[in-house]
Amino acid sequence: MSEQLIILPLLINLVLSIGLMFFWTNIKAQKVLSISGSFIAMLASIWVFIHVWENGIQTFQAGSWEAPFGITFVGDTLAATLVLLTGISAFAVSIFAAVSVIKARLRFGFFSVFHFLIMGLNGAFLTGDMFNLYVWFEIIIISSFVLISLGGEKNQLEGAVKYFTLNFLASMIFLTGLGVLYGLTGTLNMADLSQKIPLIQNQALVDVTAFLFLVGFGIKSAVFPLYFWLPASYHTPPSAVSAIFSGLLTKVGVYALIRVFTLIFVNDSFIEIMLQSLAILTIFSGGIGAIIQKNIRKLFSYLIICHIGFMIGGLGLFTEVAMAGVIFYLIHDIVVKTNLFLVSGLIYRLKSTTSLDRLGGIYKSYPKLSLLMAIPLFSLVGIPPLSGFWPKLSLLLAGFNEGNYWYFGAVIFGSLVTLIAIAHVWAKAFWEDGKDVKHSKKFIAFDQLRSYQKMQYVVPIVFLALVSLYIGFGAEHIQQVSTRIATEVLDKQTYFNAVFK
Amino acid sequence: MSEILIYILSTLGAIFAMLAAIGILRMPDAFLRISVTTKAATLGVGLLLGAAAVYFNDFAVSTRVQAIIIFIILTAPVGAHLIGRTTYFLGNKMWKNSVVDDLEGKYDKKNHKLLSEDVNAKNKREEEKENK
Amino acid sequence: MLIAVLLGFIFAISILVIGKFVKGKQSWLSTLIPLSLLAYFLSFIPQISKGEIIQQTYSWIPSFNVELSFQLDGLSLLFSLMITGIGTLVFAYTSAYLKGHEFLDRFYAYLSMFMGAMLGLVLSDNLISMFVFWELTSISSFYLIGFNNSSLASRKSALTALGITGMGGLLFLGGAVLLGELAGTFQISEMIGLADEITSSSSYVLIAVLFFGAAFSKSAQFPFHFWLPGAMKAPTPVSTYLHSATMVKAGIFLLLRFTPILGNTELWHSTLIIVGGVTMLYAAIHIIFRTDLKGILAYSTISALGILVFLIGLGTQEALIACLVFIIVHALYKASLFLITGIIDHETGTRDITQLAGLKKVLMPVAIAGFLAALISGGVPPTFGFIGKDLIYEAGLNWGSYTWILVGGALLTKILLYYAGFVAGVKPFVGQLPTKFENVHLPEKRLWIPPLVLVSLGVVLGFVPHLAETALIAPGIEVLMTSTETFHLKLWHGFNTALILSVITIAVGTLLYFVLIPSHKKERFIERFEVISPKNIVLKITEGFTVFSTLWTNFFQNGFLRHYVATIIGFLSLVLGYIIFTNFDLSLDYSSFSDLTVYEVAIVLMMITAILFTVFSRSRLAAVASMGIVGFAFCLLFLFYSAPDLAMTQFSVDTLTVILFVLVLYRLPKYLKMSKNVLRIEHGVLSIIFGALMTILVLKVLQEPVNAEITDYYAQNAYLLAKGKNVVNVILVDFRGIDTLIETCVLIVAALGVFGLLKLRLKTRDKK
Amino acid sequence: MEILLAITTGILYAAGIYMILRRSMVKLILGLILLGNGVNLLIFLLGRITKGKPPIIPEETKVFEDLFADPVPQALILTAIVISFGLQSFAIILVKRAYKVLKTDDLDQLNTTDEDS
Amino acid sequence: MRGKFLTNILLTIIWVFLTGSFEVVNFVFGFVITFLILWIISSKDSENGKYFRIIPKLISFFFFFLWEVVKANIQVAYEVITPQNKMKPGIVALPLDAKTDTEITLLANLITLTPGTLSLDVSEDKKVLYIHSMYVHDKQDFIKEIKNGFERKLLEILR
Amino acid sequence: MNLHDYLYYIILPILSLSSVVVFIRFLIGPTIVDRVVALDLVITIGIGIIAIYSIINDKPTFLDIATILALIAFLGTVAFAYYLEKRNKKDE
Amino acid sequence: MKTIILRTASDFLLPVLLLFSVFILLRGHYLPGGGFIGGLVASIAFVLDAFANGLENTKKLLKLHPGFLMPFGLTLSVLAAISPIFFGGQPIMTGLWAEDPIPVIGSIGSALFFDIGVYLIVIGASLTIIFTISESA
Ligand code: NA
Ligand code: NA
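Residues numbered from 1 in each chain as written. Chains lettered and ligands numbered in written order. Predicted model: local features only at pLDDT ≥ 70, side-chain atom pairs only at ≥ 80, totals over all residues. Heavy atoms only, no water.

### Points about helix α2 (residues 27-55) of chain A
Residue and element names in this part refer to chain A. We apply this condition: Counting from the N terminus, the helices are the DSSP runs of H or I reaching at least four residues and the strands are the DSSP runs of E reaching at least two. By definition here, a helix of n residues has an expected span of 1.5 Å times n minus one. Distance and chemistry together define a polar contact, namely a pair of N or O atoms within 3.5 Å, with one atom able to donate a hydrogen and the other to accept it when in protein, and with adjacent residues in sequence counting only for side-chain atoms on both sides.
The first and last C-alpha atoms of α2 sit 41 Å apart over 29 residues, in line with the 42 Å expected at 1.5 Å per residue. The N-cap of α2, judged by a side-chain oxygen 3.3 Å from the amide nitrogen of lysine 28 a few residues on, is asparagine 26. Following α2 by one or two positions, glycine 56 has its phi on the positive side, about 80 degrees.

### With respect to the sheet that holds strand β1 (residues 90-95) of chain E
In plain terms, the rule: We call two strands paired when DSSP finds no fewer than two bridges between them. Contact between two residues is taken to exist if any of their heavy atoms lie within 4.5 Å; hydrogens are not considered. Lines are fitted to the C-alpha atoms to define the axes, a helix being fitted only along its stretch in contact, and any angle between axes, read from their N-to-C directions, falls within 0 to 180 degrees.
The sheet built from four strands is open, its strands ordered β1(B)-β1(E)-β3(E)-β2(E) with mixed pairing. Whereas interior strands pair on both sides, the edge strands pair on one side only; in this sheet they are β1 (100-101) of chain B together with β2 (117-122) of chain E. Sitting on the sheet, helix α5 (residues 101-113) of chain E is in contact with β1, β2 and β3 (128-133) of chain E, with an inclination near 150 degrees to β2(E).

### Here we look at the pattern of salt bridges
The following threshold applies: What counts as a salt bridge is simple: a side-chain nitrogen of Lys or Arg found within 4 Å of a carboxyl oxygen of Asp or Glu. Exposure is judged per residue with a 1.4 Å probe applied to protein chains only, and the accessible area is read against the type maximum: over 50% gives exposed, under 20% gives buried, and values in between give partly exposed.
Taken as a whole and judged by the stated rule, the model has 29 salt bridges over all chains. A salt bridge links A:Asp192 to A:Lys196; the nearest nitrogen and oxygen atoms lie 3.1 Å apart. Of the two residues, A:Asp192 and A:Lys196 both sit in helix α8 (residues 190-196), four residues apart, roughly one turn of that helix. Accessibility assignment for this pair places A:Asp192 and A:Lys196 in one class, buried. B:Arg85 is paired through a salt bridge with F:Glu85; the nearest N and O atoms lie 2.9 Å apart. Placement of the pair is B:Arg85 in helix α3 (residues 59-89) and F:Glu85 in helix α3 (residues 62-91), with the two residues belonging to separate chains. Of the two residues examined, B:Arg85 and F:Glu85, each falls in the buried class. The network of salt bridges with shared partners includes A:Asp129, C:Arg736 and C:Asp739.

### Topic: the coordination of the sodium ion (ligand 2)
Under ideal tetrahedral coordination, the four donors around a metal are separated by 109.5 degrees; under ideal octahedral coordination, the six donors are separated by 90 or 180 degrees. Quick reminder of the rule: Coordination partners: N, O, S within 2.8 Å of the metal, 3.2 Å for Na, K and Ca; water not considered, so apparent gaps in a site are possible.
With distances of 1.9 to 2.8 Å, the protein atoms coordinating the sodium ion (ligand 2) are C:Asp645 (OD), C:Asn729 (OD1) and G:Gly33 (O). Pair noted here: C:Asn729 is in helix α31 (residues 727-735) and G:Gly33 is in the loop between α1 (4-27) and α2 (35-53), and the two residues belong to different chains. Overall, G:Gly33 belongs to the buried group, its relative accessible area being 6%.

### Structural notes on the interface of chain E and chain B
Interface size is commonly expressed as the accessible surface area that is lost when the partners come together. We count it as follows: Amino acids outside the nonpolar list (Ala, Val, Leu, Ile, Met, Phe, Trp, Tyr, Cys, Pro) and the charged list (Asp, Glu, Lys, Arg) are all regarded as polar, and Gly is one of them.
If you look at the interface, chain E gives 46 residues, while chain B gives 46 residues. Linking chain E to chain B there are one salt bridge. We note a salt bridge from E:Asp121 to B:Arg85, for which the minimum N-O separation is 2.6 Å. In this assembly, chain E and chain B are joined by five residue pairs in polar contact (both at pLDDT 80 or more). The element contributing the most residues to the side of chain E that touches chain B is helix α4 (residues 66-81) of chain E, with nine residues. Here the side of chain E that touches chain B is built from residues that sort into 25 nonpolar, 14 polar and seven charged. Relative to β1(E), β1(B) is paired through two bridges, and the arrangement is parallel. Counterpart to B:Asp101 in the pairing with β1(E) is E:Ile91.

Shown next as structure tokens:
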């Protein structure tokens, strides 16, 4: 009975989505429902995490059909952790969205779709079935399509067309991989696949399939040379949307890569080489993309890519240390990237622009907010002992141990570029004297907001900043979690045993 | 007995289907193609469905077959009507040997209303009304 | 000790938060911090001088083997005293220098944060926590250098400094990780015993190079030195504290700390000697051409840092003693010179040496301090500076090989530093006071007492060198060398070569002071060589890198969707093709395939033709109609191959799609032939390759055996357990019902999206 | 027959990609649909085809007594079709809206978001 | 009200035919389902309630004209396989006696299904039906033939 | 030749061939109306094919697909006609 | 596109198609069909009506915006899915079945309600999409 409660966060979001559709026109009710619902979902996800942490891998067979015949949900520590982070980010973003997303958008089902998205994320993390994963991916992308295009402004639509096409392409490649996988093994259950894939005669076909998944998930996680949709679109929707996208959407791709390449296609040296090389190029491309950007949201977008490379490369090393580093980085990145785009939203509210050329004087006018925003910014850089630093330690160690000095160098390069980019942002947006920015008369500046609205802008950022500070200063706990996850995912037998108990 | 019936029905059905096909390929203008295919295809498919009804010799199946046939008979002419009038709208030329076109000048191009008299005549009449 | 280190941080945060409430009292409150720390560290002198080493360990992140472990020994005590001692003076000096400044509390916050980081750095015995503090010094210095953040130059220098030291920091991180992994521990004290294994390991060179990078960039060694003159944009207290006394010495500290571990190799010695040597000479020569007091001091600092590196490179006991002594000497005189420069700047409003003269009339105590500082700097006996200089020559003379090159270089450097000390410390005060400076007043005591204290200390130590020796130098050497010989610091070594060199230094230096009058002409002369300066080269490289970045980024992210798709598919095809053609034989077992029948072939051919028609049709509507044919053919195929549910669904969905198209289509413009033919062919080839690969893939998979375990289970239990006979439907609503539930959610979201997309029109008032 | 179907699958993939690579948004969507069909056919084919034996348990019996086609790929494709339908409808509307706002259906002119702004 | 009831019964019967099960419960079930459907669509003005009464007649009429259809097809067959020399196609306006929508629709459909003719459109004022025919040897004869043939027979049945 | 073979080897090929013939009209057009009519006719013949196929495989279930085709194909024609009329209106 | 012929035909087709859609829905567990196809057929019926009688007419017919069918349908599906929890704490999606099958439909179980939910959702979603487009076209 209790094992099926691992999907509680998912169910809560589903119920929320439905409920919000009934309150289609009542925005106030929607806001209250969404924020309080997200809070409850967060509590549920905390419960799930604690439950899994204390009792080990939880599996739940939907419809009481034994694996591999039904759909299995597997709450291992990795999934539970990501569910937890989803809960945290979603809670923060729902508060932020309630004040920052304009009424017109809210009137058209913004919150409902938002919770569908969160539900999809939870589902993707928890499922133990490949095709079911595809379905969760689809609910995620359709929700993201809607969120990215809702409002239909010019640049939004341009971004959305590209975002749509490339993500659709990714889904099709994923689905192709699934078709091949089913054709080869006759099963879709991940645990079952983990046992059947090694038995296939023609291992080259396994390579092909693995590569199809690599590309399918690679597009979603924005790996070189598949990332194009991301810089083209992430800066176009409202900040609350970009926040949840940047925090969680690309990470679902990373999660899927981790899952697939630790459970199903294991010890595939071709894939390992591929992942490592792509990672280096991703770090490089994302990094140099970031330093030339003039809009902070685009700059952050390129940094997303750069840091995806850290994780992909760590995954490609396939050692416990590397995996722990990847997981730790993932945890850090979700919280910090979400917060970063919330920060960009706040900056926009303060100055009515996100262009570095026009921004300025934030430090002078809002010293306390500036210091607050410095926390995610410098956490991202990985200034020790903030959160971004610790996982790099593991990644560098692992790179060295595996003799991959290119990756080792790439991580250092990526960190340096991040440092320079963020320092640049700091100098241009915070230090430089403010210029008079002309904005429309209807623009409501931060100072004109009521105090509870100001709080709604600030509280989520503070909340996530506290979480990232905890990740940094409580690195011991996070590292314990990461190490446990690393051991868990690298031993596919435990996963298998939990599913086929 | 029923087997012979199936032979007959299926053969005839196939022949009419074939006729419809040849018809649509050979007829010289769109109106004629529509005209020819609607009839032949409806009959052909009806016969083929009839063959199935005979074959299965089951009440549930034959009622369903009847339903399909009724449906086709009901919808095929409606479709032909819709696409036929569209053909006229689009200004497709009738075959060179055509003899008469009563539709000429009957469509009010402004609101796509089809009149029982000439558009010009109607307009003239209305003008006169206004003058009075 | 943890509290000692954290005190700076705690204070920094609290003053940021409660700064408003203690307005006016920040200064003395702040100054109390380094002062109390100074007292705290002074209290350890008796223990340390007895050769004790105090270690404290606090657990932090055991999973990473990262501990907050501190080691107070001769070396770290020397640095701690320097940090807190000069810190106290600088804090006091600041209170007057930035009196009434709007953001004084922030300044103190950064400054004490920096102090905390610096203390943590020198006290850390754990490599990682050392790195943590190392990075914190970079960050706090970024804020300090950019303190005048409305000035473009300030921001630029702050960014440059952060870029260089940040890069160094990451190199350090790399080195630290490698070293920790090699040694199996991050505890520095534990590594000493493993020195031989480390230096003989294959990754030693990499580790050493990374450490060099870290140390050189932090300590402004050639060619990374150029950030330091730029950093002089910072307020004087910052220049004093960070860029002469403490932060720039962090690199020196790093090298000293790791001398016992990494220092026993040819690579170590030669690299440090060469880099240190080049730096000291290069920077020393630059001094001649500068007119800005701070510029002169900056270059003389670089040069002094070069000397220190050079000495560590020599690595003999003598050299290391010289190094430690010179660290103290340099801190004393350079800090005072900076403070003096600050006073001059503060009172006269200029730092241009060509304009400054005769200030002793109005700033007498400052002039005394300046004069003494110049003496210490020049190593004129009986100051402590003399001892330092003497030891440097001794170390060079006794090193063995290349003696005269080394000593010659040192001599030239010392002469120029002598010159620099006098230009900065004496020249502004002598000669005729220009009329415009007649109104200059002696500032309040808090400004001129700190330099005076420092120079006094420098003079006093010259008389009682054994104070420094027993308290700091001897314990320091104990840490640096595995075996030491007894030694004593003395003013008088008797008549020897070193003494002759000292005499030459003073004589030539004094001569230079009178001959080489700083002028703007000289400055302009050197500016001509600016093009080939490391600063410019780095700048050019940075620019080039930016251009490259732009090209690279715009090449991949060029805005054309089809370019993106083509890249992705190209990549996919390339790798798939590679796997397929290196691993597969392309033969097929035809017996496993079913026969061709007329009706299937007819439908399939129709489908293929319709697909091609869709692709090449010039009319959109015809293309849509053709899609209808494709869908219909699909429907029949599904029917032939036993999938009635699919046939129904495919056909219904296709019809709905056609309706959608038709409803939307007439709002859209007609096709134009837009792509170039070359591009069409390119894309055609790419598509065909991709399609062919998929065909091969399908055929290959079809050759594999089938596993029907799950299918059979469904077939067995669909009716018995799930009470349905249409197995497909049973799968959809029961076995895999979750899929269906989510799939309907997809539909709902799509519908909501369509609704929002078409109905929601943002009005201008909504657009924020 | 499988070979012919495999070739058709390849053609669907190729045609889909080729259409996506064109400049018109309408072609883009047609390409997406073709690609989706290609994937469906691939899954269908790889689930192995069986003629005339739908996976429906005969009225008289409780389990299959004869051969039957694998229902799993069918269920998967059905789900995929529905999802694709949702996505396609959304795409069609997206294009319509994009055309209305951007005044072009030329994909090559949709590149301002990639430029510095 | 009565029309609705009849429609309901009629649909119930269709339901029973569709499902092919003649048990009482199936009638009840079919009644409920169709009732619901009619309820959903009931806002429509039910002036065409009698519409449903003619369904049985319509079916018999269909069988009655089945052979007409066969005849039409033979003619088509002839036209299709021989050179099309005899054809004299044209569009003819046919003045209508049929008044209601149902009558007009049925007439038009039947004309389409029978030899050589295709109903193209009905004028807005429902006075004229435009017919495309393969053989318009004489326009007035043609009109007369249809008016006395199809239209009269149909109206007899319907009225 | 039994009934099964007759349907399988004679009728089904004839119907398939008919579809192909109609499809040729679809390809050569020339107007969109011809294509729509051809599409409709292909589907109608498809219903016949399904009827025969259901006999061959002895699966009355397949007739349900024929039902769906019959019900829905009509709507395609309606949609195209609707489109053509709208476009025509817009053009004027 | 208001032609008398189409309008008259569609008045007859609408109930027939709807009836057929329910038929398809209910027998899906035994024969080809089910909630999804049933829903598609039903929505196609309404689309046809909209073509023939105009969108306003069809909307009047439906009484409430088809969009509301989506949350209703989803609620039904979700309730059917999670109902096992309330009947003895069985896992979600476990099939619950009434003891005796009833005629026509066969066994009544949670799967049936699930399918009905799907049916409503499909109608709601397809109609929302198509109606929205028609209105903005
Ligand atoms: Na695992
Ligand atoms: Na079904």
